[in-house]
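Okay, here's what each chain looks like letter by letter:
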Amino acid sequence: MAWFQGGKENMFIDVRTLPNETEIRSDVCIVGAGAAGITLAREFVGGSLDVCLLESGGFEFDSKTQSLYQGENVGFPYYDLELLRLRYFGGTTNHWGGSCRPLDEIDFERRDWVPHSGWPFDKSLLDPFYRRAHKVCELGPYDYEPDAWETETDHHLPLKTDRVKTTMGLQSPPTRFGRVYREEIRAAENLRTYLYANVVDIETRPSSQKVSRLRVATLEGHRFWVSARIFILATGAIENARLLLSSNKTQKEGLGNEHDLVGRYFMEHLSVPGALLLPSDPSLRTGLYSAKQVKGVTGEGFLTLTAETLRREELLNVRALLRTASPQELTRNVSGWTVSAERILKEGRAGNLSSAFIKDLWNVITDIDEVAIYSYRKLVRPAHGVLSLYYHIENAPNSESRVSLTSEVDQLGMQRVRLAWRFGDLERRTLTRTNEIIGEELGRVGIGRIMEIQNDAGSGWPVGLRGAWHQMGTTRMDSDFKRGVVNGDCRVHGISNLYLAGSSVFPSSGYTEPTLTIVALSLRLAYHVKEVMK
Amino acid sequence: MHCVPMSRRRFLCILLGIGAVAFVSPAGRSLRSDRVDIGDGRANELARLFKNRRSAETVGLEYLKQAPEERDVNLLLGRLLEGGEAHRRTFMAAEASRQREMLRRQVRDDFARGRVVKVGGWILSLTETRLCALAVALGVAQSRVGTHTG
């Protein structure tokens, strides 16, 4: 058997050029070159450890490789699984939108009203890594208070309340990890990246307490092995679970799955148009709530419920983005009880809703709220400036929301996945109460009134509810091996040298995009591995 | 259904097109329902809060579908002016402009205290919807001509 180890091959290697049954040896093997894998790899650059990075694809999108993601959906309607993640160098950062924000303190807490919530540590432990993640994601200062983005004309809504607040999300350029960090990885002397390398099995010692090597295959039929002292899977929330479940030669239920947790607690953010906001004053300035750049950093404000409100009301975490309502949203949500959809659409396109109920309501609330626009109202036809409140709602951890394996296999002989995305009463109550709370606060200060988006008769949820492309959970973190797949260090319980990186380890998800937390956790994991291997 | 831009028919279009949305907050249900008679003249002063009564009536009619008993002006006033005898006396003694200001504050207070009602999905204060209902209850729709400012 031929084998490779470290040294002069500091480069990208097309594994299809290697002899069959080659064994690659390294100190640390990282599987997956996305945000997590590349962040991890960079942390080892220039160090004493010999590292190999395995990537399923090459440098460009390839439909054959991408099709390895195919799977079926059996839960709440979800996207085609082949479309969401990208399977080539840089991973999903190749089409990432770039939105960043750390999880809130409360997201780390064990909340009585959210079963299975809570991380093994609090946010302060991750804060130093979040700061460093900012640099990785090419963000500005680690500051999410709205003050820096406020100007004389664009300021936060004057909600003088302890119930609702304005906070910020920041925008990465977005960093395309595969492009931005490619040269650094290529040039690293202690790092080799193997392209077109698909892990198909994790081989463990008979006791299953240690991974000995990985079985790797190419779509062209090459097979080889990778051995290492430490293995880190960084293949995404669905694929991490798939790999563990598929590696069932010594444990038939899959690796790390003694307590039937692998694949369970899949989470997504519920992205849902929740309400329309009819401002009392159509000239209401909401510039802070659109993406704007200040000192080279792009930020966008949104409304959230305070931690005190979440506790008092026993709700999931949630944020409301403010958007200009589209004619379609108005048609869908207003026309049912006013005038014909055709008419609303026509008027929506014309920029006004002059004869709909919405105008009558607007007349009422401008009088109630004493908006001094009477001359304006007489002179011009009001456009109302209807806004849409678009929510991102935390998905409560739910053991029935899960990834499992089907009997169908892919081109490499691996079983494909079945996804059942589920959510329920807590998410529904969060949506309803958030509308009420924000509606009450906006009314209280005379900003306007909100209308709940009507539920679709079929799904029982507002039309337009969908996932936010944020896949999380499936190998959740908990210091108790009966409740988590990995411990607080991201190591698989019961296996001494297998770690998981990425959003699969999130025990709860908050409302925010996962990428910054993925990067922060990866930085922390790299630090831990270096300490372990000293 | 085809709607033509005639105010009465438009009204009917709105009414017929509205689905039943029957939610009143628990706070709303527990309001006192004392009847108050302040005379039609004073009541009309209150309804003048609205520059456009037709709009107020549209909202008021929708609300009255949920609370038909409040078509009774005196009952409606009783609920609008709940808050004790002293408050009611202060209100009654005030000038019309001061009364309107007190009502505006009451609207804000409704939102702060969660005294809201969902009218066609809109989250509104009980006071403002009752003021709209007052415009309906006073029957001013038929007597008003040319007040539409929109």
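Rules of the game
- Residue numbering note: each chain is counted from 1, following its sequence as written.
- To label them, take the chains in the order written and letter them from A, then take the ligands in the order written and number them from 1.
- Totals for whole chains, interfaces and linings use every residue, but because this is a predicted model, local features are given only for residues with pLDDT of at least 70 and side-chain atom pairs only at 80 or more, for both listing and counting.
- As a rule here, side-chain values come from all non-hydrogen atoms in the structure, and water together with hydrogens is ignored.
- Secondary structure counts use DSSP, requiring at least four H or I residues in a row for a helix and at least two E residues in a row for a strand, with both numbered from the N terminus.
- Accessibility here uses a 1.4 Å probe with only protein chains present; expressed as a share of the type maximum, an area under 20% marks a residue as buried, one over 50% as exposed, and anything in between as partly exposed.
- Whether two residues are in contact is decided by their heavy atoms, any of which lying within 4.5 Å being enough.
- The accessible surface values rely on the Shrake-Rupley method and a 1.4 Å probe; as for residues, cover is taken only from the protein chains in view.
- At least two DSSP bridges between two strands are required for those strands to pair.
- Fitted lines through C-alpha atoms give the axes, limited to the stretch in contact for helices. The angle between two N-to-C directions lies from 0 to 180 degrees.
- An automatic or database domain assignment supplies the start and end points of every domain.
- Buried area: the sum, over both parts, of the accessible surface (1.4 Å probe) that disappears when the two are put together.
- The rule for a salt bridge is simple: a side-chain nitrogen of Lys or Arg has to be within 4 Å of a carboxyl oxygen of Asp or Glu.
- Within this scheme, the nonpolar core is defined by two criteria: the residues are buried Ala, Val, Leu, Ile, Met, Phe, Trp, Tyr or Cys, and they are joined through side-chain atoms within 4.5 Å.

### Observations regarding the overall build of chain A
- Across its full length, chain A carries 15 helices and 21 strands.
- With 534 residues in all, chain A has 63% of them scored as buried.
- At a minimum sequence separation of 6, the contacts of chain A that also span at least 24 residues come to 73%.
- Total accessible area on chain A is roughly 19700 Å²; 48% of this is exposed by carbon and sulfur atoms.

### Describing the sheet that holds strand 17 (residues 402–409) of chain A
Residues and elements named next belong to chain A.
- Strands sit in the order 5-18-17 across an open sheet of three strands; the sheet is mixed. Two strands close off the open sheet at either side, each with one partner strand: strand 5 (71–73) and strand 17. Adjacent strand axes in the sheet meet at a mean angle of 25°, parallel and antiparallel pairs treated alike.
- In the sheet, strand 5 pairs with strand 18 (residues 415–420) via three bridges, with the strands oriented parallel. Among the inter-strand pairings, G71 is bridged to a residue of strand 18, identified as V417.
- Against the sheet, helix 8 (residues 237–246) engages strand 17 and strand 18, with an angle of about 60° to strand 17.

### A look at the domain arrangement of chain A
Residue and element names in this part refer to chain A.
- Partitioning chain A into structural domains gives domain 1 (3–265 + 396–420 + 471–532) and domain 2 (270–395 + 426–452).
- With 42 residues of domain 1 at the interface, the matching set in domain 2 holds 44 residues.
- Taken over both partners, the interface formed by domain 1 and domain 2 buries close to 3700 Å², and the fraction arising from carbon and sulfur atoms is 56%.
- A per-residue breakdown of the area domain 1 buries against domain 2 is headed by W113, R163 and Y511, which together make up 24% of the total.
- Our enumeration of links across domain 1 and domain 2 arrives at seven salt bridges.

### Regarding the nonpolar core
Residues and elements named next belong to chain A.
- Among the nonpolar cores identified, the biggest contains 185 residues, and V28, L54, L214, I232 and Y391 are the most heavily contacted of them.
- Considering every element that reaches this core, the biggest residue donor is helix 15 (residues 515–532), with nine residues.
- Both of domain 1 (3–265 + 396–420 + 471–532) and domain 2 (270–395 + 426–452) provide at least three residues apiece to this core.
- By size, the runner-up hydrophobic cluster in this structure holds five residues, among which are W113, V114, A396 and L426.

### Comments concerning the side chain of A:R416
All names here are of chain A.
- If you trace the backbone, R416 turns up in strand 18.
- A relative accessible area of 7% places R416 in the buried class.
- In this structure R416 touches S67, L68, Q70, R242, S404, L405, T406, E408, V409, D410 and Q411, once residues within four positions along its chain are discounted.

### Considerations on the environment of A:D360
- In this fold, A:D360 is placed in helix 12 (residues 357–368).
- Once the C-alpha coordinates of A:D360 and A:K123 are considered, the two residues, 237 residues apart in sequence, prove to be 47 Å apart.

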